[in-house]
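This is what each chain is made of:
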Amino acid sequence: MTSALGANPEPAFSAKAEAPDLRTRSQRRSDRRKRRTEKIVAVLVLLIAFIVTVVLLGLQWLGNQGQASIAPIQTSHTFLSEVQPS
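Draft legend 1. Layout of the overall build of the protein. Within the protein, the secondary structure is distributed over one helix and zero strands. In the protein, which comprises 86 residues, the proportion classed as buried is 0%. Only carbon and sulfur atoms are counted for the fraction: they give 63% of the accessible area of the protein, which is about 8900 Å².

Structural data, given as structure tokens:
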């Protein structure tokens, strides 16, 4: 039984087998670098999106706070009762 993470069987040792193996190793290194770069770019994009979201929500909240403080506060209300005295 083999697993996805199991070791690959080693090819027979020969001069012909080493040339493709070297090319494969360089391709693997290149793929690893490419994946690492893609991960870094993805993290940076998500981080920037998060920061922009937090800043915009903060500005919106501060803007709403400013509007609420400008509105006149009515301190005296006349309450009318709908209950009629009998």
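Read on for the rest.
Draft legend 2. Layout of a positive patch on the surface. Where like charges cluster on the molecular surface, the positive patch consists of Arg 28, Arg 29, Arg 32, Arg 33, Arg 35, Arg 36 and Lys 39. Assignment of secondary structure puts Lys 39 in helix α1 (residues 15-70).

Quick notes on the rules
- Residues numbered from 1 in each chain as written.
- Predicted model: local features only at pLDDT ≥ 70, side-chain atom pairs only at ≥ 80, totals over all residues.
- Heavy atoms only, no water.
- Helix = DSSP H or I, 4+ residues; strand = E, 2+ residues; numbered from the N terminus.
- Buried < 20%, exposed > 50% of the residue type's maximum accessible area, 1.4 Å probe, protein only.
- Areas by Shrake-Rupley, 256 points an atom, 1.4 Å probe, with all protein chains shown as cover.
- Patch = residues over 30% accessible without salt bridge, like charges linked within 9 Å, V, L, I, M, F, W, Y side chains within 5 Å.
- Salt bridge = Lys/Arg side-chain N within 4 Å of Asp/Glu carboxyl O.
- Lys, Arg positive; Asp, Glu negative; His and termini not counted.
- Charge placed at Lys NZ, Arg CZ, Asp CG, Glu CD.

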